[in-house]
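Descriptive structure summary
What follows is the residue order along each chain.
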Amino acid sequence: QVQLVESGGGLVQPGGSLRLSCAASGSIFSIRAMGWYRQVIGKQRELVAAITSGGSTRTNYADSVKGRFTLSRDNAKNTVYLQMNSLKPEDTAVYYCYADLHARDGIGYHWGQGTQVTVSS
């Protein structure tokens, strides 16, 4: 059974930094994409950043986080890291890790439990 375990959320002041981590475990054959969404109560979940694998690796970011957030991946550990700098109050949300992968139980999306990020003075 695939599990995604997140860590690194918390409370930070505007302008501060946080680093989120997400580790995928289980009987995983390959990972096609991995990244983060975020959601504010009452709003749709939005893609923050994703890294895809295939012929070439690509990293995509929401316009609202470009230049401030950096997504990286450790393939050996099936882990992604989201470095968030220059945080703003509007970055406050629950951040969900996701992975689009091929595992023993099939192909599809898996989600983490979510981690709260609060940016406030």
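It should be noted that the structure appears before, not after, this text.
A few points on the structure.

Scoring rules and cut-offs
Residues numbered from 1 in each chain as written. Predicted model: local features only at pLDDT ≥ 70, side-chain atom pairs only at ≥ 80, totals over all residues. Heavy atoms only, no water. Helix = DSSP H or I, 4+ residues; strand = E, 2+ residues; numbered from the N terminus. Polar contact = N/O pair within 3.5 Å; in protein donor to acceptor, adjacent residues only side chain to side chain. Core = buried A, V, L, I, M, F, W, Y, C linked by side-chain atoms within 4.5 Å. Buried < 20%, exposed > 50% of the residue type's maximum accessible area, 1.4 Å probe, protein only. Salt bridge = Lys/Arg side-chain N within 4 Å of Asp/Glu carboxyl O. Pairing = 2+ DSSP bridges. Disulfide = S-S within 2.5 Å.

**Considerations on the side chain of Arg-38**
Assignment of secondary structure puts Arg-38 in strand β4 (residues 28-39). Among the polar contacts made by the side chain of Arg-38, one reaches the side chain of Ser-64 at a distance of 3.3 Å. At 3.0 Å, the side chain of Arg-38 and the side chain of Asp-91 are in polar contact.

**Some thoughts on the nonpolar core**
Ranked by size, the top nonpolar core spans 30 residues in total, and within it Met-34, Trp-36, Leu-82, Met-84 and Tyr-95 carry the most contacts. Sorting the residues of this core by element identifies β3 (18-25), β4, β5 (46-52), β7 (69-74), β8 (79-84), β9 (93-103) and β11 (115-119) as the ones contributing at least two each. Top contributing element to this core by residue count: β9, with six residues.

**Observations regarding the pattern of salt bridges**
All told, the structure shown has five salt bridges when counted by the stated rule. In this structure, Asp-100 engages Arg-32 in a salt bridge whose closest nitrogen and oxygen atoms are separated by 3.1 Å. Of this pair, Asp-100 sits in strand β9 while Arg-32 is found in strand β4, placing the two residues 68 residues apart along the sequence. Among the ionic pairs, Asp-91 bridges to Arg-38, the shortest N-O distance being 3.0 Å. Taken together, the positions of Asp-91 in the loop between β8 and β9 and Arg-38 in strand β4 put the pair 53 residues apart, joining distant regions of the chain. Arg-38 gets classed as buried once you look at its relative accessible area, which sits at 6%. One network of salt bridges, in which partners are shared, links Arg-38, Glu-46, Arg-68 and Asp-91.

**With respect to the pairing of strand β1 (residues 3-7)**
The two faces of β1 differ: Leu-4 and Glu-6 on one face are buried, but Gln-3, Val-5 and Ser-7 on the other face are not. Pairing of β1 with β3, which is carried by five bridges, proceeds in the antiparallel orientation. By the bridge assignment for β3, Val-5 is matched with Ala-23.

**A few points about the state of the cysteines**
Under the defined criterion, the tally for this structure stands at one disulfide. The disulfide that involves Cys-22 links it to Cys-97, with 1.9 Å between the sulfurs. Its torsion about the S-S bond being -80°, the disulfide of Cys-22 and Cys-97 is classed as left-handed. Taken together, the positions of Cys-22 in strand β3 and Cys-97 in strand β9 put the pair 75 residues apart, joining distant regions of the chain.

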